[in-house]
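# Residue-level structural notes
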Amino acid sequence: MINKLSAWFDERTGWCTAWGRFLEYSIPGGPRWRYTWGAMLAFTFFLEAVTGLLLWAAYSPGTQTAWESTFFIQHELTLGWLIRGVHHYAAHTLMVLLGLHFLQLIVYRVYLQPREVNFWVGLAMLQVVMLIFLTGFLLPWDQYGYHGSVARNKILGTAPFVGQPALTVAQGGKIMGNQTLTRFFALHAGLLPAIAIGLLVVYSRLVFRHGLAVGEKTRSEPAVRYWPDQALRDGLACLGVLAIVVGLTAWVGAPLWGPANNVDSFGAARPEWEFLFLFRFLKMEFIQKHGVEVGAVYIPTLIAGVIVLMPFIGRSRAGHIFNLSFLGVLLAGMGYLSFIAVKEDAADLEYQAAYHEAEREGHRAVELASALGIPGGGAMELVQHDPLFMGPKLFARRCANCHRLDGKNGLGADVWKVTFNPDHSKNFAVDPATAADLGGFGSREWMLKVLTDYDATFEPLKNATHNGKNVGERFLTGDMASWCKDNAEVLKQPANAASVKALVEFLAAQSGRKDLQPYDAALVAAGREVFASATLASGSLSSACIDCHGMHVAGEETALSENSGAGAPTLTGYGGRKWLIDFLKQPGHADFYGDNNAMPSFEQSMSPQEIELLVDWMLGDYYRPEASPSKAE
């Protein structure tokens, strides 16, 4: 029955006969492992095509849908992580296999007559696959893909005569957006694969026409049909490829960074590792001096021209040696530049900080989208309203010039003073703070430290200068500093520990902060008395807090003290959300430091939403999964 069906089908299509001829194909000298490249390439391309079609079913190109649909594929769709991971790593594998196969063609001189066209078609396939690879890099519309594509598009724009028009057509306008995504998607999933398939068909046809290129010694050995020995080798090689791709997917996974943000700079932008050499090449002093187009267009075109001519150059033994030498130098240069790029990035503290920040943002975006869902405005709306996503960035941008947070810039990195060496390498020196470290600001520990160790808390102020004059000294020698110095001994007496604790508890209770609750009511009441009377369990303070600071106790109708304009900040709600927001807007207001203020106002330089996000982050008031730490990270 099966034979009859096969005969019926073969009579009408001829496919069974063609398949039989393929299996009977004679291999000079018998099966070899080095003959498996073609099978591995075809198999990897097949993986790309199948997983690409599956991804296509769930992907949606658009600035408000690309990251979101990629997130859905990666984290919500059943086996989506596997499909995307296989697609991602199969693309890298295809690039490597094509490169090695191309190298094999040159080393074994498989470009000599009559296989020149085979060589050129293979070269064209390599270019098309590179374009498929590069256009796919943008499609997740995440930070890494977006900013990497921006850099590549700028390079494209440097091409003489056609650069800018080609860039405009590719992007669909002057800047990258929806049109860019839809055009790149059409190229990546439609036009370029169709061209690659066409080239693959032509290449296969040429291989069958001319047969395998083998040496005289191999040609003298008996030929062996393809089935089963070479087929077994091909099958095992393809399984090896599959194992590597699936292994990388399970071990590392396909990356998804935070959603693309075209407003902020992205210091971690780098090309994929296959193109790191070009990235470093374009940074060379020679290229910088003569223009990027020299390194991105003229020199690559010259190299490509030599490679295209290799079938003619390699006809003689000397020409073949030249080809091998040229290829060796080229590969050595690419390897060296890639190594230098990795080495420099490893030593570049700014890049390392930017990379880790990008990782943090990507993790947070996924965490929020998984827990809260993605709103109608897209993932950017989600993360831009998240204090933990935005707060560290705002602190680093607006506050870290003077303050530190636990010694860092809010993003977990030191604040550096960067200088450049003659070879453009960087020197990093930690830039000292000029204002107090705000780690734990407003907490009980912070208040206790201010009371008992004022000098250490505000020591960075000694570095604060403006127009060459020290502006922090007045805080280190001012009324509060003198008060702390005068009362240091009595505040640190063990007999007064309970009184000091009560005072701190009273101040903490005024903030109303969620992260400081619950408050000890008895301690709060006792602390109120210390605040107003300066009386401790053993002795008394030189003056009461109400003598300088304004205070309207929460829940009471009348103010405990009114000292607005005295140059000492009012402590009503001290360290709480409203107090911090008002303080950031106008630190020089009479309720805060008045004429003593040395801190810039952020009312004009930051939006109300940015100030609230910064404050909420500092207070630890943001979404966190259960069992995560409660303090600002």
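Basis of the calculations
- Along each chain, residues carry numbers from 1 onward, in the same order as the chain's sequence is written.
- Given that this is a predicted model, residues contribute local features only at a pLDDT of at least 70 and side-chain atom pairs are listed and counted only at 80 or more, while totals for whole chains, interfaces and linings are drawn from all residues.
- Side-chain metrics rest on all non-hydrogen atoms present in the structure, leaving aside hydrogens and water.
- Side-chain atoms within 4.5 Å link the members of a nonpolar core, which is a set of buried Ala, Val, Leu, Ile, Met, Phe, Trp, Tyr and Cys residues.
- Only protein chains enter the accessibility calculation, which uses a 1.4 Å probe. A residue is then buried if its area is under 20% of the maximum for its type, exposed if over 50%, and partly exposed in between.
- Helix and strand definitions here come from DSSP, where helices need a minimum of 4 consecutive H or I residues and strands a minimum of 2 consecutive E residues; each element is numbered from the N-terminal end.
- By definition, residues are in contact when any of their heavy atoms lie within 4.5 Å.
- Any residue with an atom within 4 Å of a point lines the site, the site being either a cavity, points on a 1 Å grid over the protein atoms alone where a 1.4 Å probe fits but cannot get out, or a pocket, an open set with protein on both sides within 12 Å along at least 5 of 7 lines.
- Grid points are joined across faces, edges and corners, and a volume is the space filled by probe spheres set on the points.
- Residues are grouped as follows: Ala, Val, Leu, Ile, Met, Phe, Trp, Tyr, Cys and Pro are nonpolar; Asp, Glu, Lys and Arg are charged; all remaining types, including Gly, are polar.
- Where helices are involved, their axes are fitted lines through C-alpha atoms of the stretch in contact, as for all axes, and angles between N-to-C directions lie from 0 to 180°.
- Our angle categories are set so that under 35 degrees counts as roughly parallel, over 145 as roughly antiparallel, 65 to 115 as roughly perpendicular, and the remainder as oblique.
- If you view the pair so one helix is near and one far, a crossing is left-handed when the near helix is turned anticlockwise from the far one by less than a right angle, and right-handed when it is turned clockwise.
- Strands pair, by our definition, only if DSSP identifies at least two bridges between them.
- What pLDDT conveys is the predictor's confidence in a given residue, as a value from 0 to 100.
- The patch calculation keeps residues exceeding 30% relative accessible area without a salt bridge and links them within 9 Å when they carry like charges or within 5 Å when they are nonpolar (Val, Leu, Ile, Met, Phe, Trp, Tyr).
- Reported accessibility uses the Shrake-Rupley method at a 1.4 Å probe radius. Residues are deemed covered only where the shown protein chains occlude them.
- Salt bridges, as used here, are contacts in which a Lys or Arg side-chain nitrogen is within 4 Å of a carboxyl oxygen on Asp or Glu.
- For this analysis, a polar contact is any N or O atom pair within 3.5 Å, provided that within protein one partner can donate a hydrogen and the other can accept it, and provided that sequence-adjacent residues contribute only side-chain to side-chain pairs.

### Considering the nonpolar core
Of all hydrophobic cores here, the largest spans 72 residues; its most connected members are Trp446 and Leu614. The element that contributes the greatest number of residues to this core is helix α24 (residues 497-511), accounting for seven residues. Excluding anything up to four places from it in sequence, Trp446 contacts Ala436, Asp437, Leu438, Gly439, Gly440, Phe441, Thr457, Phe458 and Tyr574. With 40 residues, the next largest nonpolar core counts Met40, Met95, Phe133 and Val245 among its residues.

### Comments concerning empty space enclosed by the protein
Tallied over the full model, the rule gives one cavity of 30 Å³ or more. When its volume is computed, the largest cavity comes out at roughly 50 Å³. Taken together, Gln143, Pro259, Asn261, Glu361, Met380, Val383, Gln384, Phe389, Met390 and Lys393 make up the full set of residues lining the largest cavity. In terms of residue class, the lining of the largest cavity is made up of five nonpolar, three polar and two charged.

### Describing the packing of helix α3 (residues 37-56) against helix α5 (residues 80-107)
Relative to each other, α3 and α5 sit at 155°, their axes nearing to 9 Å. Judged by the inter-axis angle, α3 sits roughly antiparallel to α5. For the pair α3 and α5, the crossing hand works out as left-handed. When the residues that make up the contact of α3 with α5 are grouped by side-chain class, the tally is 15 nonpolar, seven polar and two charged.

### Focus: the pairing of strand β4 (residues 426-430)
Side-chain direction in a regular strand flips from residue to residue, so the side chains alternate between the two faces of the sheet. Sheet topology places strand β3 (residues 416-420) next to β4; five bridges connect them, and they run antiparallel. Bridging across to β4, Thr419 finds its partner in Asn427.

### Notes on the confidence of the model for the chain
When the pLDDT values of the chain are averaged, the result is 90; 98% of them are 70 or greater. Here helix α10 (residues 216-220) is the element of the chain with the lowest mean pLDDT, 73, and helix α4 (residues 66-76) is the one with the highest, 97.

### Notes on a nonpolar patch on the surface
On the surface, Trp33, Leu232, Leu236 and Leu239 cluster together to form a nonpolar patch covering roughly 450 Å² of accessible area. Checked against the element boundaries, Leu239 lands in helix α11 (residues 229-251).

### Section: unusual backbone geometry
With an omega of 10°, the peptide bond running from Trp227 to Pro228 counts as cis. As for its placement among the helices and strands, Pro228 is situated in the loop between β2 (224-225) and α11. The step from Gln517 to Pro518 runs through a cis peptide bond, and the omega angle for that step is 5°. In this fold, Pro518 is placed in the loop between α24 and α25 (521-533). In this structure, Phe161 is a non-glycine residue whose phi angle is positive, near 70°. Turning to its location among the elements, Phe161 is positioned in the loop between α7 (143-157) and α8 (163-171). Despite not being glycine, Asp406 shows a phi value in the positive range, around 55°.

### Section: the environment of Tyr226
Its place among the elements puts Tyr226 in the loop between β2 and α11. Separated by 195 residues in sequence, Tyr226 and Pro31 have C-alpha atoms that sit 7.4 Å apart. A polar contact is formed between the side chain of Tyr226 and the side chain of Asp234, at a distance of 2.7 Å.

### What to know about the packing of helix α20 (residues 444-452) against α24
Between two packed helices, both the angle of their axes relative to each other and the distance between the axes serve to describe the pair. Viewed as axis vectors pointing N to C, α20 and α24 meet at an angle of 125°, and their least axial separation amounts to 9 Å. Relative to α24, α20 is oriented oblique. Crossing angle aside, the handedness with which α20 passes α24 is right-handed. Residues Arg444, Met447, Leu448 and Leu451 of α20 form the contact with α24, whose participating residues are Val500, Leu503, Val504, Glu505, Leu507 and Ala508.

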